[in-house]
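In case you want the letters, here they are:
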Amino acid sequence: MNTSTVAIHKSWKEALKEQFSVSYFLKLKEFLVAEKSRGPIFPPGNRIFAAFDHTPFENVEVVIIGQDPYHNRGQANGLCFSVSTGVAKPPSLVNIFKELQTDMGIPIPQTGNLEPWADQGVLLLNATLTVREGEAGSHQGKGWETFTDAVIKTISDQKKGVVFLLWGRFAHTKEELIDKEKHFILKAAHPSPLARGAFFGNKHFSKTNELLIKQGMKPIDWRIEK
């Protein structure tokens, strides 16, 4: 994994430049090289930093935090909860779209590709950016969490008025990295069916837009036309 050639926006390379040369990140790169020699890892190499490429640092207005990429072939596209166009929507994403429909009256899209959100300033950040095929959580504890914690902390320190959407207990643990005096935090249950519907009714999409509008910012157009 060569950070000089992968798709990561130059603004993030500057904001996170200290991370790329720290020992944990160098060990992470060695781990990923070894993993690729064993078999497929997801997302593809050119999509590992897709969240950062679609949402430059200066454009970040909203952050949604996931845990791991999808581990089945063809699903992960580098944006949390998102799948590539043409891939069936996983259950958590189906529930996200159901909440969006109830909250804002937006029809459930045919595609599960969330790039239109990312391109508007919604950073769709997984805590772990890669996974071994068919093995959920297989790249946890290898250094990605240190990196993505630094991402959250950098946003918190250097920006103001960002809306953080923390869905599920894992995402809730990231609250301690965020300056609550400068930013907004909306918490809810995880959208997984395992949460038994506790995710529904949070109205995070409309609440996010209300918070952005109050700051004089443009609301997110949550519609996905494809």
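Heads up: the structure comes first, above all this text.
Quick caveat: nothing in here was measured; it's all calculated off a predicted structure.

## Quick word on the overall build of the chain
The helix and strand inventory of the chain stands at 8 helices and 6 strands. Counting from the amino terminus, the chain carries its helices and strands in the arrangement α-α-β-α-β-α-α-β-β-α-β-α-β-α. For 226 residues, the compact-globule estimate of 2.2 N^0.38 gives 17 Å, and the chain sits close to it at 17 Å. Projected onto the principal axes, the alpha-carbon positions of the chain cover approximately 45 × 35 × 30 Å. By the burial criterion, 52% of the 226 residues in the chain qualify as buried. Residue pairs in contact within the chain that sit at least 24 positions apart in sequence constitute 67% of those at least 6 positions apart.

## Concerning the pairing of strand S5 (residues 163-167)
On any regular strand, side chains alternate: one points to one face of the sheet, the next to the other face. Counting buried positions along S5 yields 5 of 5 residues, so the element is predominantly enclosed. On S5, burial covers both faces: Val163, Leu165 and Trp167 on one face and Phe164 and Leu166 on the other are all buried. In the sheet, strand S2 (residues 62-66) pairs with S5 via 4 bridges, with the strands oriented parallel. Within S5, the position partnered with valine 62 by the bridge is valine 163.

## Some words on the packing of aromatic side chains
Note on aromatic pairs: each is described by the distance of the centres and the angle between the planes. As enumerated under the stated definition, the model contains 20 aromatic pairs in all. The interplanar angle of 85° and the centroid separation of 6.3 Å between the aromatic rings of phenylalanine 25 and tryptophan 144 together place this pair among those described as edge-to-face. Of the two residues, phenylalanine 25 is situated in helix H2 (residues 23-38) and tryptophan 144 in helix H6 (residues 144-158); the sequence distance between them amounts to 119 residues. Across this residue pair, the class does not change: phenylalanine 25 and tryptophan 144 are buried. Centre to centre, the rings of phenylalanine 49 and phenylalanine 147 are 6.0 Å apart; their planes meet at 80°, and the pair counts as edge-to-face. Here phenylalanine 49 is found in the loop between strand S1 (41-42) and helix H3 (50-54), whereas its partner phenylalanine 147 is found in helix H6, with 98 residues between them in sequence. Note on accessibility: phenylalanine 49 and phenylalanine 147 belong to one class, buried.

## Here we look at the sheet that holds S2
Each strand in a sheet pairs with another by means of backbone hydrogen bonds, the pair being arranged parallel or else antiparallel. The 4 strands lie next to each other as S3-S2-S5-S6, forming an open sheet whose pairing is parallel. Edge positions in the open sheet fall to strand S3 (122-126) and strand S6 (184-188), since each of these has one partner strand only. Across the sheet, the mean angle from the axis of one strand to that of its neighbour is 20°, orientation sign disregarded. Of the pairings in the sheet, the one linking S5 to S6 comprises 5 bridges and is parallel in character. If you follow valine 163 over to S6, its bridge partner there is phenylalanine 184.

## Structural notes on the side chain of threonine 154
Inspection of the secondary structure puts threonine 154 in helix H6. According to the relative accessible area criterion, threonine 154 is buried, its value standing at 12%. Sequence-distant contacts of threonine 154, that is, excluding residues within four places in its chain, are made with Ala15, Leu16, Phe57 and Lys159.

## Describing helix H4 (residues 91-104)
With 14 residues, H4 should reach 20 Å at 1.5 Å per residue; the first-to-last C-alpha distance of 20 Å fits that figure. Among all positions of H4, only Ser92, Leu93, Asn95, Ile96, Phe97, Glu99, Leu100 and Asp103 are buried. In this structure, the buried side of H4 is in contact with helix H5 (115-118), S5 and helix H8 (204-214). Glycine 105 lies just past H4 and shows a positive phi near 70°.

Parameters at a glance
Residues numbered from 1 in each chain as written. Predicted model: local features only at pLDDT ≥ 70, side-chain atom pairs only at ≥ 80, totals over all residues. Heavy atoms only, no water. Helix = DSSP H or I, 4+ residues; strand = E, 2+ residues; numbered from the N terminus. Rg over C-alpha atoms; globule rule 2.2 N^0.38 Å. Buried < 20%, exposed > 50% of the residue type's maximum accessible area, 1.4 Å probe, protein only. Contact = heavy atoms within 4.5 Å. Pairing = 2+ DSSP bridges. Phe/Tyr/Trp six-rings, centres within 6.5 Å; stacked < 30°, edge-to-face > 60°. Axes fitted to C-alpha atoms, helices over the stretch in contact; angles between N-to-C directions. Expected span 1.5 Å × (residues − 1).

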